[in-house]
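Descriptive structure summary
The lines below spell out each chain.
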Amino acid sequence: MNKINRLAAIVMALQQGHETAHSLAEKFEVSRRTILRDIQSLSEMNVPIIAISGPGGGFRLMDGYVLPPLQLDPDEAATLIFALEGLSHYADTPFQEKRWTLIDKIKSIIPDEVMNRIHPMLKQLQHHVPQRQYSLQHLEPLLACIPEQGWLSILYRSASRQRWLQIHPKRLYASAGFWYCDAYSEEHGEVRLFRVDRIMEARSIEKSKWPQLNESVREHLALARPPEGLDIPIRAHLSYRAMIEAEQDEHIGERMTEITPDLWELAFHCPPSEWDWAVRFFYRLGREAEVLEPEKLREEIKRQAEEVCCMYQSSSRSGCTSP
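Residues numbered from 1 in each chain as written. Predicted model: local features only at pLDDT ≥ 70, side-chain atom pairs only at ≥ 80, totals over all residues. Heavy atoms only, no water.

1. Regarding the confidence of the model for the chain
Atomic detail in the predicted coordinates should be set aside for any region of low pLDDT. Put simply, the chain has an average pLDDT of 86, and 91% of its residues get 70 or more. For the chain, the element scoring lowest by mean pLDDT is helix H5 (residues 96–109), at 75; strand S11 (residues 289–293) scores highest, at 96. (pLDDT = per-residue confidence, 0-100. Helix = DSSP H or I, 4+ residues; strand = E, 2+ residues; numbered from the N terminus.)

See below:
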């Protein structure tokens with residue numbers, strides 16, 4: 001980003017509220033000294049920036065100052081349209097009624113010459129979102145509950161049953177075509193992951209009951225906190241295909257080192273509570289991955305493979321006797 005564009009971006013950032021030199025430097029990937037020089041340049045251009053000294057200080061714009069609307073450059077226009085098109089691939093969203101009209105409105109305010117420049121690029125950019133069929137009937141209560149740090153009573157349909165749960169929603173996010181909610185479950189005594197389209201009903205819980213439920217959360221978390229130093233070191237060699245799958249996991253995706261063009265090493269520490277996940281993960285990778293350590297993980301994968309082998313050895317499905 002050149003200096004002129006950065007100066008305009010700084011003003012737009014300050015229009016949103018208070019910023020520090022450090023936060024601006026991180027946002028625009030420059031040094032703190034560069035930001036201070038930019039602030040000085042804006043002041044010399046009569047932009048009314050107020051410097052706040054002391055702890056919690058920084059910069060803000062004088063009340064009432066608004067930067068005139070700016071023209072999007074081709075890269076900015078492409079970024080905006082690409083992001084909006086990604087949202088349109090989901091079967092349902094929190095913005096169902098607006099998403100279909102917003103892209104057209106954005107395109108209508110972008111000059112034709114800019115659209116002609118970015119159109120070929122947009123044709124080559126794609127979002128990979130699996131096609132799903134569902135509707136989000138109770139997303140709004142979740143969205144309203146998170147800022148208030150409140151509680152909901154939900155009727156949740158899992159793979160095997162339906163039941164009422166009391167949850168404390170933490171965050172909502174979209175992944176692989178579905179919407180998910182991380183929430184503390186009173187019944188489970190831990191944070192669980194819920195698919196939003198499986199919430200059949202959602203009812204607000206009275207605020208008078210929140211303090212009691214919040215205390216229950218604190219008690220459960222204190223009891224469930226694992227002792228330090230018990231994480232299990234795991235090391236494995238992965239093929240290219242296994243590397244691609246592991247790379248998509250938010251917890252271990254950056255824990256890989258390339259050994260050769262066709263071989264990667266994955267090394268991470270697994271909390272005891274995630275041991276079953278580790279077994280399933282590496283078993284699912286099959287011949288595309290080899291666990292090097294710990295030995296007990298190798299043995300568990302071997303045991304599961306023998307059970308599957310036994311199941312398929314008998315064509316009559318009458319069972320199998322281990323040697």
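Moving on from the coordinates now.
2. Let's talk about the packing of aromatic side chains
Summed over the entire model, instances satisfying the criterion amount to 10 aromatic pairs. Ring geometry for tyrosine 156 against phenylalanine 194: centres 5.0 Å apart, planes inclined by 85°, an arrangement best described as edge-to-face. One end of the pair, tyrosine 156, is in strand S3 (residues 152–157); the other, phenylalanine 194, is in strand S6 (residues 190–195), with 38 residues separating them in the sequence. When sorted by exposure, tyrosine 156 lands in the same class as phenylalanine 194, which is buried. Ring plane angle 85° and centroid distance 5.1 Å describe the contact between phenylalanine 281 and phenylalanine 282, whose orientation is recorded as edge-to-face. Ring pairs connect the aromatic residues Tyr134, Tyr173, Phe178 and Tyr180, which therefore count as one cluster. The ring of phenylalanine 178 carries arginine 195 above its face, with NZ or CZ at 3.8 Å from the centroid. The side chain of lysine 296 reaches across the aromatic face of tryptophan 275, ending 4.9 Å from its centre. (Phe/Tyr/Trp six-rings, centres within 6.5 Å; stacked < 30°, edge-to-face > 60°. Buried < 20%, exposed > 50% of the residue type's maximum accessible area, 1.4 Å probe, protein only. Lys NZ or Arg CZ within 6 Å of the ring centre and 35° of its normal.)

3. A closer look at the side chain of serine 239
Among the secondary structure elements, serine 239 is positioned in the loop between strand S8 (232–238) and helix H9 (240–247). In this structure, serine 239 is in contact with Asp262, Trp264 and Glu288, ignoring residues within four places of it in sequence. (Contact = heavy atoms within 4.5 Å.)

4. A word on a nonpolar patch on the surface
Among the surface-exposed residues, Val308, Met311 and Tyr312 lie close enough to one another that they form a single nonpolar patch of about 340 Å² accessible area. Among the structural elements, tyrosine 312 can be located in helix H11 (residues 295–313). (Patch = residues over 30% accessible without salt bridge, like charges linked within 9 Å, V, L, I, M, F, W, Y side chains within 5 Å. Areas by Shrake-Rupley, 256 points an atom, 1.4 Å probe, with all protein chains shown as cover. Salt bridge = Lys/Arg side-chain N within 4 Å of Asp/Glu carboxyl O.)

5. Topic: the side chain of arginine 195
Following the sequence through the fold, arginine 195 ends up in strand S6. Within the local environment of arginine 195, its side chain forms a polar contact with the side chain of aspartate 197, the two groups lying 2.8 Å apart. (Polar contact = N/O pair within 3.5 Å; in protein donor to acceptor, adjacent residues only side chain to side chain.)

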